[in-house]
Amino acid sequence: MAQNVIIELEDDLDGGPADETLTFALDGRDYEIDLSTANAAKLREAVRPFVAVSRKAPTGDGRRRRTTGITASSETAKIRAWAKQHGHQVSDRGRIHQSVKDAYYAATSQS
């Protein structure tokens, strides 16, 4: 006896018909959600500013590898001070964005 199985997706947000299943991860957890085309577009638009400034997570064995920057800490302090004096937004600690480093090197190499 033959069977015909029909799977109908229901939009998890509004209960209407869904057109696709989206997967995403947040805070170390993976999620799936069934959405209509319109609601999927809303989700994509909502996360677009965050995705634009994000980096892709490492793939493979799941272990994150720590890399050591080649900038010495004394040079980092100089870059930070220069950046603040020249209107760049930098935090007092942590990573300095590459565009700030590039601007520093371009400005100081011509002196």
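Under an unreviewed UniProt entry, the chain has the name Lsr2 family protein and belongs to Kocuria dechangensis.

A.B. asks: Could you clarify how one ought to interpret the overall build of the chain in this entry?
C.D. replies: A tally of helices and strands in the chain yields 3 helices and 2 strands. Its helices and strands in sequence order give the chain the pattern β-β-α-α-α, from N to C terminus. For the chain, the residues scored as buried account for 17% of the 111 residues in total. Within the structure as shown, the chain displays about 9,800 Å² of accessible surface, and the carbon and sulfur contribution to it stands at 51%.

A.B. asks: Looking at this model, I keep getting lost on the environment of Ala103. Mind explaining?
C.D. replies: For Ala103, the position within the fold is in helix 3 (residues 98-109). Overall, Ala103 belongs to the partly exposed group, its relative accessible area being 22%. Sequence separation of Ala103 and His88 is 15 residues, and the distance between their C-alpha atoms is 9.6 Å. Sequence-distant contacts of Ala103, defined by excluding residues within four places in its chain, comprise Trp82 and His88.

A.B. asks: What am I meant to see in the side chain of Arg80 here?
C.D. replies: Position of Arg80 relative to the elements: it lies in helix 2 (residues 73-85). Buried charge without a partner: Arg80 forms no salt bridge, and the closest opposite charge is Asp92, 6.3 Å away. Excluding its chain neighbours within four sequence positions, the residues that come into contact with Arg80 are Val90, Ser91, Asp92, Arg93, Gly94 and Ile96.

A.B. asks: Where do I start with the nonpolar core in this structure?
C.D. replies: For soluble globular proteins, nonpolar side chains are generally found buried alongside one another. With 7 residues, the main nonpolar core is built from Ile79, Trp82, Ala83, Val90, Ile96, Val100 and Tyr104. Among the elements of the structure, helix 2 and helix 3 are those that each provide at least two residues to this core. Of the residues forming this core, the biggest block, 3 residues, is contributed by helix 2. Discounting chain neighbours no more than four positions away, the residues touching Ala83 are His88, Val90 and Val100.

What counts as what
Residues numbered from 1 in each chain as written. Predicted model: local features only at pLDDT ≥ 70, side-chain atom pairs only at ≥ 80, totals over all residues. Heavy atoms only, no water. Helix = DSSP H or I, 4+ residues; strand = E, 2+ residues; numbered from the N terminus. Buried < 20%, exposed > 50% of the residue type's maximum accessible area, 1.4 Å probe, protein only. Areas by Shrake-Rupley, 256 points an atom, 1.4 Å probe, with all protein chains shown as cover. Contact = heavy atoms within 4.5 Å. Lys, Arg positive; Asp, Glu negative; His and termini not counted. Salt bridge = Lys/Arg side-chain N within 4 Å of Asp/Glu carboxyl O. Core = buried A, V, L, I, M, F, W, Y, C linked by side-chain atoms within 4.5 Å.

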